[in-house]
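Breakdown of the fold
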Amino acid sequence: GAVVSQHPSWVICKSGTSVKIECRSLDFQATTMFWYRQFPKQSLMLMATSNEGSKATYEQGVEKDKFLINHASLTLSTLTVTSAHPEDSSFYICSASPGPQPQHFGDGTRLSIL
Amino acid sequence: AQSVAQPEDQVNVAEGNPLTVKCTYSVSGNPYLFWYVQYPNRGLQFLLKYITGDNLVKGSYGFEAEFNKSQTSFHLKKPSALVSDSALYFCAVRDPTYNAGNNRKLIWGLGTSLAVNP
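Keep in mind the model is a prediction, meaning the values are calculated, not measured.

1. Side note on the state of the cysteines
All names here are of chain A.
- For the structure on display, the rule yields two disulfides over all chains.
- Disulfide pairing places Cys23 opposite Cys94 at an S-S distance of 2.0 Å. Torsion about the S-S bond of the Cys23 and Cys94 cystine: about 85°, corresponding to right-handed handedness. Of the two residues, Cys23 sits in strand β3 (residues 19-25) while Cys94 sits in strand β9 (residues 90-96), which places them 71 residues apart along the sequence. Both residues of the pair, Cys23 and Cys94, belong to the buried class.
- Free cysteine Cys13: the closest other cysteine sulfur is in Cys94, separated by 18 Å.
- The class of Cys13 is buried, set by a relative accessible area of 13%.

Take a look at the structure:
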């Protein structure tokens, strides 16, 4: 149980386009999901907390207009990287939990901006 | 400030030998501690957690971790390493100051790359 699915797993696109990443909790409801960014051989950087039915809470230094988060249902949160540029290339991971802990993670999305 | 330290960027061990991946923490109150493993191009998988109770916690894939309050440590261990254990390991502690409903923010270590040599 407690499966989190993330889609797509890999995306390559041109600079200036917007990319949407989906995070779904398949067998539980999640009022909260977390979005992380991970650079090569580095730790996880929490970008924002996605809250169902309300605005996301962004970490300091994360541009909310750049990384749009929508949590429209109890099983789906989306992260949209708007007007993506090469510096946005990274590995993006979401997590959710049916209870307080532990967090369950999606398999991540490798984003490459050309 | 709340923090987690993984002092080793990389750990190398021969297959069949015991392994230890170190983690120390600094957090107010009672810590909720976690270990996760990440394989290449994958998300993280939960290994084990310490909330309360026995200091020795057993988890998935034969891993265990020992909570040591006096040393503020939560080292990950396995008696006999496998080549398939080669991966990136993350220690995390729940941030006691951050409450997002039922979920709490985790504070992450920088990760330790474990290489098990055949």
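2. Topic: the side chain of Lys105 of chain B
- Among the secondary structure elements, Lys105 of chain B is positioned in the loop between β10 (87-94) and β11 (106-108).
- Classification of Lys105 of chain B as buried rests on a relative accessible area of 17%.
- At 2.9 Å, the side chain of Lys105 of chain B and the side chain of Glu59 of chain A are in polar contact.

3. Looking at the nonpolar core
- Trp35, Leu47, Leu48, Phe74, Leu76 and Tyr89 of chain B are the most contacted members of the largest nonpolar core, which totals 28 residues.
- Mapped by element, the contributors of at least two residues to this core are β2 (10-14), β3 (19-21), β5 (33-38), β6 (44-50), β8 (64-68), β9 (73-78), β10 and β12 (112-117) of chain B.
- Among the elements that make up this core, the one with the highest residue count is β10 of chain B (four residues).
- With 25 residues, the next largest nonpolar core counts Val19, Cys23, Ala48 and Leu79 of chain A among its residues.

4. Quick look at the packing of aromatic side chains
All names here are of chain A.
- Applying the stated criterion across every chain, the model contains twelve aromatic pairs over all chains.
- Ring centres 6.3 Å apart and planes at 45° place the aromatic pair Phe67 and Tyr92 in the tilted group. Placement of the pair is Phe67 in strand β7 (residues 67-73) and Tyr92 in strand β9, with a sequence separation of 25 residues.
- Assessed through its relative accessible area of 6%, Phe67 is described here as buried.

What counts, and at which threshold
- Residues numbered from 1 in each chain as written.
- Chains lettered and ligands numbered in written order.
- Predicted model: local features only at pLDDT ≥ 70, side-chain atom pairs only at ≥ 80, totals over all residues.
- Heavy atoms only, no water.
- Disulfide = S-S within 2.5 Å.
- Helix = DSSP H or I, 4+ residues; strand = E, 2+ residues; numbered from the N terminus.
- Buried < 20%, exposed > 50% of the residue type's maximum accessible area, 1.4 Å probe, protein only.
- Polar contact = N/O pair within 3.5 Å; in protein donor to acceptor, adjacent residues only side chain to side chain.
- Core = buried A, V, L, I, M, F, W, Y, C linked by side-chain atoms within 4.5 Å.
- Phe/Tyr/Trp six-rings, centres within 6.5 Å; stacked < 30°, edge-to-face > 60°.

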